[in-house]
Amino acid sequence: MTIKTIINLRRTSQILFFIIFFWLILKTNFEVNFSPADTSEIILPYPVSIALEFSPLVALATLLANGTVYKGLLWALVVLIPTIFMGRFFCGWVCPLGTLNHWISEIRSERLKRRGKGKIESNRYKKYQRIKYYIFIFFIAAALTGTLQVGLLDPLSFMARSLGTVVLPTIHTGANETLAWLKSFGITPLSDAAQFVYDLIAPLLLTFRQAHFHTILTIGLFFLAVLVMNRIFTRFWCRGICPLGAMLGIFSRFAIFGLEKDESKCNKCKLCLLHCQGADNPDVGSRWRQSECVLCLNCQAACPNESLKFKFFPNQKVTRTNPAGTQKIDITKRKVLLSAAGGVALFPLIRSGDAFEVNANPRLIRPPGSVAEDEFLSRCIRCGQCMRVCPNNALHPTLFEAGLEGMWSPVMIPKIGYCEPTCTLCTQVCPTGAITELTLKEKVGDETTPPNRVGTAFIDQGRCLPWAMARPCIVCEEWCPTSPKTIYLKEETATDSDGNEVTVKRPYIDPEKCTGCGACEFACPVVDKPAVYVTSVGESRSPDNQILLQRDGTKGIR
Amino acid sequence: MERRDFLKKTGRAVALAVVTGGTGLLFHNRETAGYIPPIVKSGSFEVPPDPALPGITLATNEDHIKALHAVLDAIGGIKRFISPGERVTIKPNVGWDRSPQQAADTNPILVSETVRLCLAAGASEVIVTDITCNDPRRCFLRSGIRQAAENAGAKVILPVDEDYVRVDLKGEILTVWPVLKYFINTDKLINMPIVKQHSLSSCTIGMKNLYGILGGRRNQLHQSIDQSIVDLATFCRPTLTIVDATRVLFRNGPQGGSLDDVKIRNSVICSTDLVAADTLGAGFLDLTPERVRHIMLAEKQGLGKTDYKAIGFKEIV
């Protein structure tokens, strides 16, 4: 196999894995034409979160935070073990964010610094590339103490979150607006053509209903910033930021596969540096860095004299003009200790604040099946899969609702969408067990099993029509899905503005029956600030966030 | 400066100034938004009455298909209502994400058999659709209606935003509302409600089922529920109403959720008179028409008769 063939293989692999990743995000969706055999319990046809389970960073961090490698996260070994022998092949051949960064970096720039000699210089190993190791150590130390923050920067979570909650919804809005605009001219052939194209892309890219997510600008701007940085430094994210890249770099310490430089054939043309992706100094005359190399093999392909060659057990000759290639990572002990100390200190720092428990946001309604907040924050990687799959658009990324610690973790906003009582899709897609998988029975409950509760509804008597405005309504009671209904009615006499006595049915809530699904809040006609609303109290996952002394025939709810 | 040079340079600036000022003046408007007139369209799909035939029929049979055949045959057969080449829209109640046993949505067996009969009568196309309360994907899936109707040859439509048209309903309460286009752009409309208890309107049967043709802020309609139901029944005149009383949701309506809320009755009602159909249907909930305000109001406005025996009633046992 020639090196050109291998380069084409690498490109094919990048495209293929990118498409697979993208396809899995698209399939994290309740599709219209999906007809399962058993309609009583709807199970997604594909393991849509499997791509996320291949992240060794997530596997390691959740292991440290929780003491176990959860379910599918064992797949991470499929990436990690070959890395030990081969180096960071994942970054150069598989990672969808790496691929995206690669593509954007390689679009020709008009800036001189990004061409010729300027680019050769920028592709040399730089000290900023150490930052990713410190980030990795910081996150790992934080995970060890119990707060999982790796999801913010894990490339797979980052991609899933950005695609699922920002890119795809934006495409949806864009497509709808474009279609409406083209149709607004009233020219039949134009409208038909626009509709035809729309109908062609809709089943591929668009969900049944347009999703509207909370705080997508923060996620979107972060995503955009990462992509734009590629125009300044080639694969800036992969070289300087990515904690997964750092972890794989560390694990390639004993790699038996690497670059062999033949000094005698080199004419110092520097073409290898011009095309280098990892900034790992492939040129003769400087120290090659295994931990930075993403195995794109561009250097070998670019070399006109065959002086560079990737092989097993490379002979890394040391001469005066060609210093020893390093397998050690270029980090200082002091900064490693500092990063670790920072990570360890993060936990008491954030937990001494009030956002966790003591002054928790009452509107922090977590998805059904979520584990207690303490454990939730040690598991959730903010991949956004639960938000993407929710058919009602009920789940959203938080901004500050869960404190800065829980930024972009899921919260239910019932005004936008409520939790469909018989739906368990979000519990099926969570890759880390922040949301435990629920069966239909565990979700809705039966004679022996209590239902899963996410909160409790309350009536705002100052805004409710029958309570404050002497008018009939009770849409909340109609929508209440429990049987018997949580919202019960009492006929009472109210006085209207003319002084007449009118009989209205006023809603009351039985906290023992309420599951906090939020259907009442969603359906309330007082749309801007619903007169019935859900707060997290009564949620199954917490033994303390409770109202009632007794529930479901037991003390507490455990 | 040469005169030519002066003219050229000043001319360019003047031209841009004219274009800029002209654009401003051209688009100047004191109104904030233009008025879009609603569509005026009839919602009536009735067939001429036949005094020789009963106006309402009721059959009870454990075999629900036989019950449906019996009520239809007694009222004149499906061919009295559907002519070859016509487009038929069927409106079952698919309001909630519930299974058929829970009796919150119309029995899928009745829907599929009605589809089959319409196609056999020569209908060019049969559309089954409804504007659901819960997510339409789940409602159509779990109610079994999507699969049943598609297997029978119907086109099942899950409404999306683009499917609505603004229609002037000319009612007392209901004026201009978004209506799902399939319920007005059709030749015949078959209303297929299920009998359920409802806390505000006492019951939801044939007339209340028509709420499902409306989009928009439906949750405001409760503030004047009886008049809005009657307004809707005045605008929308289905060809035929087939009431599913095979399973009756007698409490905890309109969604139920427990089999304890359901009574098995194995009955089907068929009528060309919505008020009569609702009166007879309400009987399954032990309600007399006097206790259901929208039925009384509808009769008062001349939409039909609560005395269903007066329009010719036939019961098949």
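Residues numbered from 1 in each chain as written. Chains lettered and ligands numbered in written order. Predicted model: local features only at pLDDT ≥ 70, side-chain atom pairs only at ≥ 80, totals over all residues.

Some thoughts on the overall build of chain A
Here is step 1 of the chain: Scanning chain A for helices and strands turns up 22 helices and 10 strands.
Here is step 2 of the chain: Expressed as lengths along the three principal axes of its C-alpha atoms, the size of chain A is roughly 100 × 65 × 45 Å.
Here is step 3 of the chain: Burial statistics for chain A: of 558 residues in total, 47% are counted as buried.
Here is step 4 of the chain: In chain A, the share of contacts with a sequence separation of at least 24, taken over all contacts with a separation of at least 6, comes to 74%. (Helix = DSSP H or I, 4+ residues; strand = E, 2+ residues; numbered from the N terminus. Buried ≥ 20, exposed ≤ 12 C-beta atoms within 10 Å, placed from the backbone. Contact = placed C-beta atoms within 7 Å.)

Some details on the overall build of chain B
Here is step 1 of the chain: Along its length, chain B carries 9 helices and 14 strands.
Here is step 2 of the chain: Taken against the 2.2 N^0.38 rule, which gives 20 Å for 317 residues, the C-alpha radius of gyration of chain B at 25 Å runs more than 25% over that of a compact globule.
Here is step 3 of the chain: In terms of overall dimensions, chain B has C-alpha extents of about 105 × 40 × 40 Å along its principal axes.
Here is step 4 of the chain: In chain B, the proportion of contacts linking residues at least 24 apart, taken out of those at least 6 apart, comes to 74%. (Rg over C-alpha atoms; globule rule 2.2 N^0.38 Å.)

Overview of the packing of helix α7 (residues 131-145) of chain A against helix α12 (residues 243-251) of chain A
All names here are of chain A.
Here is step 1 of the chain: The geometry of α7 relative to α12 is characterised by a closest axis approach of 8 Å and an angle of 95 degrees between their N-to-C directions. Here α7 lies roughly perpendicular to α12, going by the angle between them. Mapping the contact onto sequence places K132, Y133, I135, F136 and F139 in α7 and P243, G245, A246 and M247 in α12.
Here is step 2 of the chain: Class assignment of the residues belonging to the contact of α7 with α12 gives a composition of 7 nonpolar, 1 polar and 1 charged. (Axes fitted to C-alpha atoms, helices over the stretch in contact; angles between N-to-C directions. Parallel < 35°, antiparallel > 145°, perpendicular 65-115°, else oblique. Nonpolar A, V, L, I, M, F, W, Y, C, P; charged D, E, K, R; others polar.)

A look at the domain arrangement of chain A
Here is step 1 of the chain: Per the domain assignment, the segments making up chain A are domain 1 (3-26 + 47-143 + 239-312) and domain 2 (456-535).
Here is step 2 of the chain: One C-alpha centre belongs to domain 1 of chain A, the other to domain 2 of chain A; they are set 58 Å apart. (Domains from an automatic or database assignment.)

Side note on the nonpolar core
Here is step 1 of the chain: Of all hydrophobic cores here, the largest spans 224 residues; its most connected members are A61, C476 and C520 of chain A together with V71, V128, V268 and I269 of chain B.
Here is step 2 of the chain: The biggest single contributor to this core is α7 of chain A, with 11 residues.
Here is step 3 of the chain: Sequence-distant contacts of V268 of chain B, that is, excluding residues within four places in its chain, are made with A59, H64, A67, L68, V71, L110, I242, V243, D244, A245 and T246 of chain B. (Core = buried A, V, L, I, M, F, W, Y, C linked by C-beta atoms within 7 Å.)

A closer look at the interface of chain B and chain A
Here is step 1 of the chain: In this complex, chain B contributes 27 residues to the contact, which on the side of chain A involves 29 residues.
Here is step 2 of the chain: For the side of chain B that touches chain A, the element with the highest residue contribution is helix α4 (residues 136-142) of chain B, accounting for 4 residues.

What to know about helix α7 (residues 225-235) of chain B
Residues and elements named next belong to chain B.
Here is step 1 of the chain: A large share of α7 lies buried, amounting to 10 of its 11 residues.
Here is step 2 of the chain: Regarding α7, the residues found buried are I225, D226, S228, I229, V230, D231, L232, A233, T234 and F235.
Here is step 3 of the chain: Tucked inside the fold, the buried residues of α7 contact β1 (43-44), α6 (206-209), β11 (236-237), α8 (274-283) and α9 (293-300).

Comments concerning the environment of A52 of chain B
Here is step 1 of the chain: The residue A52 of chain B is located in the loop between β1 and β2 (56-60) in this model.
Here is step 2 of the chain: For A52 of chain B and I75 of chain B, which are 23 residues apart along the polypeptide, the C-alpha to C-alpha distance reads 9.7 Å.

Remarks on unusual backbone geometry
Here is step 1 of the chain: A cis amide bond links S483 of chain A with the next residue in sequence, P484 of chain A, at an omega value of -5 degrees.
Here is step 2 of the chain: Within the secondary structure layout, P484 of chain A lies in the loop between α21 (475-479) and β6 (487-495).
Here is step 3 of the chain: A cis amide bond, omega 0 degrees, links G253 of chain B with the succeeding residue P254 of chain B.
Here is step 4 of the chain: Summarising the element assignment, P254 of chain B is placed in the loop between β12 (240-249) and β13 (262-271).
Here is step 5 of the chain: Despite not being glycine, A103 of chain B shows a phi value in the positive range, around 60 degrees.
Here is step 6 of the chain: Tracing the chain through its elements places A103 of chain B in the loop between β3 (87-92) and α3 (108-120).
Here is step 7 of the chain: Phi angles above zero are rare outside glycine, and D286 of chain B is one such case at about 60 degrees.

So, the environment of N545 of chain A
Residue and element names in this part refer to chain A.
Here is step 1 of the chain: Within the element layout of this structure, N545 appears in the loop between β8 (532-535) and β9 (550-551).
Here is step 2 of the chain: N545 gets classed as buried once you count the C-beta atoms within 10 Å, which come to 21.
Here is step 3 of the chain: When the C-alpha atoms of N545 and F136 are compared, they prove to be 34 Å apart, with 409 residues separating the residues in sequence.
Here is step 4 of the chain: Excluding residues within four positions of it along the chain, N545 makes contact with S536, V537 and E539.

Observations concerning the pairing of β12 of chain B
All names here are of chain B.
Here is step 1 of the chain: By the criterion of burial, β12 is predominantly enclosed, with 10 of the 10 residues buried.
Here is step 2 of the chain: As paired elements, strand β9 (residues 194-198) and β12 share 2 bridges and run parallel to each other. Residue pairing across strands places K196 opposite L249, the latter belonging to β12.
Here is step 3 of the chain: Two elements, β12 and β13, share 8 bridges in a ladder whose sense is antiparallel. From the neighbouring strand, R247 faces β13, where its bridge partner is I264. (Pairing = 2+ DSSP bridges.)

Comments concerning the packing of helix α2 (residues 56-66) of chain A against α7 of chain A
All names here are of chain A.
Here is step 1 of the chain: Running from N to C, α2 and α7 cross one another at 30 degrees; their axes reach a closest spacing of 6 Å. Crossing of α2 over α7 shows right-handed handedness. Side by side, α2 and α7 meet where L60, A61, L64 and A65 of the first sit next to F139, I140, A143 and L144 of the second.
Here is step 2 of the chain: Among the residues making up the contact of α2 with α7, the classes are represented as 8 nonpolar, no polar and no charged. (Left-handed = near helix turned anticlockwise from the far one by under 90°.)

A short note on the environment of L63 of chain A
Residue and element names in this part refer to chain A.
Here is step 1 of the chain: Following the sequence through the fold, L63 ends up in helix α2.
Here is step 2 of the chain: Among the residues examined, L63 registers 16 C-beta atoms within 10 Å and is labelled partly exposed.
Here is step 3 of the chain: As a C-alpha pair, L63 and S378 span 315 residues in sequence and 9.8 Å in three-dimensional space.
Here is step 4 of the chain: Apart from residues no more than four positions distant in its own chain, L63 is found in contact with T68 and V69.

Focus on α12 of chain A
All names here are of chain A.
Here is step 1 of the chain: Taking burial as the measure, the 9 residues of α12 include 8 buried ones, the bulk of the element.
Here is step 2 of the chain: When α12 is considered as a whole, its buried residues turn out to be P243, L244, G245, A246, M247, L248, G249 and F251.
Here is step 3 of the chain: Check the buried side of α12 and you find it contacts α2, α3 (76-86), α4 (89-94), α7, α8 (155-183) and α11 (236-241).

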